[in-house]
Amino acid sequence: MNFILTFLAAISLGGIWDFRFEENKSLEQVYDLDFTANDKMCVPGCWDMMPDYYLKRGTALYRRTFTVEKDFKDAVLEIEGMGLRGRFAIDGRELGEYPYPYAKLEIPVGKLCKGEHEIVAALDNRFDKEKMKLARSFYDFYLFGGFYRGVRIVEKEPKIFVRTLDYRTGLIEVEVEGGRKFRKTLKDFKLWSPEEPNMTTIEVDGRKVRFGVRQIEARDKKLWLNGKELFLKGVNRHDQSPLGGATVSEIEWVQDLQHLKDLGGNFIRGAHYQQADRFLELCDEMGVLVWEESLGWGNGQDYTNTLGDFADPEFREQQIRQTRDMVRNSFNHPSVIIHAFLNEPGSWSKECKSLIDELIATVKAENSGKLVTFACNIWETDICNENTDIVAFNTYPGLIPCFPGEPDSFKRKVNDNLDTIISTFRQRYPDKPIMVSETGCGAVYGWHDEAANVNTEEFQNEYLGYVFENLWNNPDVIGYSIWQMNDNRTYSRNSEDQPAKTFMGISHAGLYNFLRQPKKSVETVRHYFSLK
């Protein structure tokens, strides 16, 4: 397994931990370094996918010991995704509280001497409007409790960032965090692209750094990769497993990437949160382009009752911090070409524009060689795309609300909606690339009907055919990411702020079902992807 940074020492904390769960209780109510465990739990793993705690909300307490063979001068507790809110301690020493679901956390520990140590963690997966600003019950995907990915102790080292300055000559800039910058011209280098995903490794201060030489640009209404016009053919993808929840195996990651390549696609939008480092490594190696975004969904919208979010200084600060950390964590992944945030925000408001402009500035300040945008669903009155590199929009004509009508009427609704939105944005932004970041519809795997009624595989296939026919003939469109790759878990019966509207708590909009089995529309997608 290759890491972008090679650490001097690392101790994996994966395995079986002592465990206790307190249903419907907050982290503050139950946090206790000396708690009495009454069960065991896997790390990584989501407790709310386990039989005794299935889809339950509350606070889980974890404890384990670990052995340090050699002193750490300045240790860091690295957690690659947890949910939803966590508090941590080592040897009784408090390490702080972190309200950042899905984010890679790098928590300062300090000196850690040779010998045996004990770590205690409390994870709260309840929706608490005062304590948990970034994850809400109305988000249209299930938010799990647990350690989603790896947990380990590492020695602190400065990050190393590599920028491609000229893809034609191999000129790069290397920046050591908190230290120096220098430029270097690579010899005998190979460009990174989806067709030829060549990775490059250099040595800096005795450490190996892996990256890809490539340049992405947005200009003249188009996207350009290494000077060649680029069209994005892809899917939205939730990082979910039918058995593991937010803990997804490498087998499932590779399955998804192989499915995308088999469709003829080149692009994944990682909805709606930061992606696992190992998943991004696989995208690097397999030549898949990635849109990575920080956590947010429907904030500042009337229908989510969150008009005050953008005036909340804590919400704003957390959005900025998680976005900055995301950019830095995936800096050297050539597969990541777009960074984004705040899926479907209330982009009609000045308060929203203020935050979005600040988030855009945050991304661009890192000079990571990525483009920046957000997925917009308010095309009539949107004011927030002024400073984005790409205009990206989500739309579901005839589906939200669901009045498709007969085929001719349905097709007309799709065409009128897409044509109107695209022409509106083109008039507003004459030179910007425009893409459809979401549209799709549900189909329950195995449900068939000659009349193509709603939620059948025939209905999904009909809808996607209308969308492709429109977009593939519109020269203003530079890409389309289908909603979505796989079925995923979303609102359950305890969804609180939103009606439990999905069948069995599952969004069935996937081209593949939860078990990665293909639906009828896969052949239609493969056909249209082959035309671009």
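If you're wondering where the values come from, they're calculated on a predicted model, not measured in any experiment. (Residues numbered from 1 in each chain as written. Predicted model: local features only at pLDDT ≥ 70, side-chain atom pairs only at ≥ 80, totals over all residues. Heavy atoms only, no water.)

(A) Broad picture of the sheet that holds strand β26 (residues 371–372). The sheet built from nine strands is open, its strands ordered β26-β25-β24-β23-β22-β30-β29-β28-β27 with parallel pairing. With partners counted over all chains shown, the strands left at the sheet margins are β26 and β27 (375–376), one partner each. Bridge count between strand β28 (residues 391–394) and strand β29 (residues 434–438): four bridges; the pairing is parallel. In the strand pairing of β29, alanine 392 is matched with methionine 435. Relative to the sheet, helix α3 (residues 277–286) contacts β22 (232–237), β23 (267–270), β24 (289–293) and β25 (336–340), its axis offset from that of β24 by approximately 155 degrees. Running over the sheet, helix α7 (residues 457–471) touches β29 and β30 (477–482) and is turned about 165 degrees from β30. (Pairing = 2+ DSSP bridges. Helix = DSSP H or I, 4+ residues; strand = E, 2+ residues; numbered from the N terminus. Contact = heavy atoms within 4.5 Å. Axes fitted to C-alpha atoms, helices over the stretch in contact; angles between N-to-C directions.)

(B) Representation of the pattern of salt bridges within the structure. One pass over the structure, following the stated rule, counts 47 salt bridges. Of the charged contacts, one joins arginine 126 and aspartate 124 as a salt bridge, the two residues approaching to 3.0 Å between their closest N and O atoms. In this structure, the salt-bridge partner of arginine 219 is glutamate 217, at a minimum N-O distance of 3.5 Å. The class for arginine 219 is partly exposed, based on a relative accessible area of 32%. Judged by relative accessible area, glutamate 217 falls into the partly exposed class, the value being 23%. (Salt bridge = Lys/Arg side-chain N within 4 Å of Asp/Glu carboxyl O. Buried < 20%, exposed > 50% of the residue type's maximum accessible area, 1.4 Å probe, protein only.)

(C) Layout of the packing of helix α4 (residues 313–329) against helix α5 (residues 350–365). Packing of α4 against α5 leaves a shortest axis separation of 9 Å and a crossing angle of 25 degrees. By the angle between their directions, the pair α4 and α5 is classed as roughly parallel. Considering the relative orientation of α4 and α5, their crossing is right-handed. Within the contact between the two elements, α4 uses Phe315, Arg316, Gln319, Ile320, Thr323, Arg324 and Val327 and α5 uses Glu351, Ser354, Leu355, Glu358, Leu359, Thr362 and Val363. (Parallel < 35°, antiparallel > 145°, perpendicular 65-115°, else oblique. Left-handed = near helix turned anticlockwise from the far one by under 90°.)

(D) Highlighting helix α6 (residues 407–428). With 22 residues, α6 should reach 32 Å at 1.5 Å per residue; the first-to-last C-alpha distance of 32 Å fits that figure. Among the residues making up α6, those that are buried are Phe410, Val414, Asn417, Leu418, Ile421, Ile422, Phe425 and Arg426. Buried residues in α6, looked at end-on, bunch into an arc of 150 degrees, giving them a common side. Within α6, the exposed residues directed more than 90 degrees away from the buried face are Asp408 and Gln427. Buried positions along α6 lie against β27, β28, β29, α7 and β30. (Expected span 1.5 Å × (residues − 1). Arc of directions from axis to C-beta.)

(E) Here's a closer look at the side chain of histidine 117. With respect to the helices, strands and loops of the structure, histidine 117 is situated in strand β11 (residues 115–124). Look at histidine 117 and you get buried, because its relative accessible area is 9%. Engagement of the side chain of histidine 117 in a polar contact is seen with the backbone oxygen of cysteine 113, the distance being 2.6 Å. Ignoring anything within four residues of it in the chain, the contact list for histidine 117 reads Arg64, Thr65, Phe66, Val68, Asp91 and Leu112. (Polar contact = N/O pair within 3.5 Å; in protein donor to acceptor, adjacent residues only side chain to side chain.)

(F) Molecular detail of unusual backbone geometry. For the bond running from glycine 83 to leucine 84, omega is -10 degrees, close enough to zero to count as cis. Position of leucine 84 relative to the elements: it lies in the loop between β7 (82–83) and β8 (85–90). Isoleucine 400 connects to proline 401 through a cis peptide bond whose omega is -5 degrees. Residue placement: proline 401 occurs in the loop between β28 and α6.

(G) Region of the structure containing the sheet that holds strand β2 (residues 15–23). Taking strand neighbours across the sheet as the criterion, the six strands line up as β3-β2-β5-β11-β8-β9 in an open arrangement whose pairing is antiparallel. The two strands at the open ends of the sheet, each matched to only one other strand, are β3 (39–43) and β9 (93–98). Averaged over all pairs of adjacent strands, the angle between their axes in this sheet comes to 25 degrees, without regard to strand direction. When β2 meets strand β5 (residues 58–68), the two strands line up antiparallel, connected through six bridges. Residue pairing for β5: glutamate 23 is matched across the bridge by glycine 58.

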